[in-house]
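One letter stands for each residue in the lines below.
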Amino acid sequence: MKIQHFFDPHTWTLSYVVHDEATKIGVVIDSVMDFDPKSGRISYTSCEAVARYIETNGLKIPYVLDTHAHADHLSGMGYFKDRYGARTVIGCEIAVVQKQFRDLYNLGPHFPVDGRQFDVLLAEGDYLDVGPLAIQTLHTPGHTPACVTYRIGDALFVGDVIFMPDYGTARCDFPGGSVETLYDSI
């Protein structure tokens, strides 16, 4: 298994491509779609850097995963779905966050809050088989109620649950966030 990280300097976010070198099958985790708050425009510079790596290495990407609904950046899932036909994957508790956001942002009663915007919803202990990669889902709420960690081999992709040692953990002041719950998750 090979892991390649991509650092987005605007959001201080890490995205990953995890793939099997023999079969060339892999996944993208926590992709970033760029947003310029001054102009209100989006771009795909970060996604394009990941795509160059995918194409240079001849990879097949059947899935793109997010560890949670990100407040600090827009997800690039749609880019990889459109470009590679990748199915979108997130934790099943996203429905809890969608309900909170529907009410908070007054999205109206017709806004779906059941996760149907994603292709695959994973719960605690679920596995996603991606060729030779077995991706285990660990529900790690606290930052948001929907955060998950993906375990692939001996690597954990924690999203915003834990930061580098000099940064600590994620903030817990988003709707449904909880310091106590994050502590228990860790």
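Rules of the game
Residues numbered from 1 in each chain as written. Predicted model: local features only at pLDDT ≥ 70, side-chain atom pairs only at ≥ 80, totals over all residues. Heavy atoms only, no water. Pairing = 2+ DSSP bridges. Helix = DSSP H or I, 4+ residues; strand = E, 2+ residues; numbered from the N terminus. Core = buried A, V, L, I, M, F, W, Y, C linked by side-chain atoms within 4.5 Å. Buried < 20%, exposed > 50% of the residue type's maximum accessible area, 1.4 Å probe, protein only. Contact = heavy atoms within 4.5 Å. Phe/Tyr/Trp six-rings, centres within 6.5 Å; stacked < 30°, edge-to-face > 60°. Salt bridge = Lys/Arg side-chain N within 4 Å of Asp/Glu carboxyl O. Axes fitted to C-alpha atoms, helices over the stretch in contact; angles between N-to-C directions.

Visitor: An account of the pairing of strand β4 (residues 32-36) is needed here, citing residue identities and associated values.
Guide: Sheet topology places β4 next to strand β7 (residues 74-75); two bridges connect them, and they run antiparallel. By the bridge assignment for β7, Val 32 is matched with Ser 75. Pairing of β4 with strand β5 (residues 41-43), which is carried by three bridges, proceeds in the antiparallel orientation. Directly across from Asp 34, in β5, lies its bridge partner Ser 43. The antiparallel hairpin formed by β4 and β5 contains four residues in its connecting segment, where Gly 40 sits at a positive phi of about 75°.

Visitor: A description of the nonpolar core should follow, citing residues and the corresponding values.
Guide: Membership of the largest hydrophobic core comes to 20 residues, with the highest contact counts inside it found for Val 17, Val 28, Val 50, Ile 54 and Phe 80. Counting residues per element, the ones that place at least two in this core are α1 (45-56), β6 (60-65), α2 (77-84) and α3 (94-104). For this core, the element with the highest residue contribution is α1, accounting for five residues. Those residues in contact with Ile 54, other than ones at most four positions away along the chain, are Val 17, Val 28, Leu 59, Ile 61, Phe 80 and Tyr 84.

Visitor: Give a detailed account of the packing of aromatic side chains, specifying residues and quantitative values.
Guide: Taken as a whole and assessed by the stated rule, the structure comprises seven aromatic pairs. For the pair Phe 6 and Tyr 53, a centre-to-centre distance of 5.7 Å together with 75° between the ring planes defines the contact as edge-to-face. One end of the pair, Phe 6, is in strand β1 (residues 2-8); the other, Tyr 53, is in helix α1, and 47 residues separate them in sequence. Assigned by exposure class, Phe 6 and Tyr 53 land together as buried. Ring geometry for Phe 7 versus Trp 12: centroids 5.2 Å apart, planes at 85°, classification edge-to-face. Residue classification places Trp 12 among the exposed residues on the basis of a relative accessible area of 57%. The rings of Tyr 44, Tyr 79, Phe 80 and Tyr 84 are connected pair by pair, giving a single aromatic cluster.

Visitor: Pulling in residues and values, what's your account of the pattern of salt bridges?
Guide: Where charged atoms of side chains with opposite charge meet at close range, the side chains can pair. As enumerated under the stated definition, the model contains four salt bridges in all. Here Glu 55 makes a salt bridge to Arg 83, at a shortest N to O gap of 2.7 Å. Of this pair, Glu 55 sits in helix α1 while Arg 83 sits in helix α2, and the two are 28 residues apart along the sequence. A salt bridge links Arg 102 to Asp 103, with the nearest nitrogen and oxygen atoms 3.5 Å apart.

Visitor: Residues and numbers for the sheet that holds strand β8 (residues 87-91), please.
Guide: The strand order across the open sheet built from six strands is β1-β2-β3-β6-β8-β9, with neighbouring strands paired in mixed fashion. Each having just a single partner strand, β1 and β9 (120-122) make up the two edges of the open sheet. Neighbour-to-neighbour, the strand axes of this sheet turn through a mean angle of 25°, independent of strand direction. Of the pairings in the sheet, the one linking β6 to β8 comprises three bridges and is parallel in character. By the bridge assignment, Leu 65 is partnered in β8 with Val 89.

Visitor: Can you explain the sheet that holds β5? Please cite residues and give values.
Guide: Taken in spatial order, the three strands make up an open sheet running β5-β4-β7, and their pairing is antiparallel. At either end of the open sheet lies a strand with only one pairing partner, and these are β5 and β7. Against the sheet, α1 engages β4 and β5, with an angle of about 150° to β4.

Visitor: Explain the environment of Thr 181 residue by residue, including any values.
Guide: Summarising the element assignment, Thr 181 is placed in helix α4 (residues 179-185). Residue Thr 181 is classed as partly exposed on the basis of its relative accessible area, which comes to 31%. The sequence separation of Thr 181 and Glu 93 amounts to 88 residues, and the corresponding C-alpha distance is 14 Å. Apart from the residues lying within four places of it in its own chain, the contact partners of Thr 181 are Pro 141 and Gly 142.

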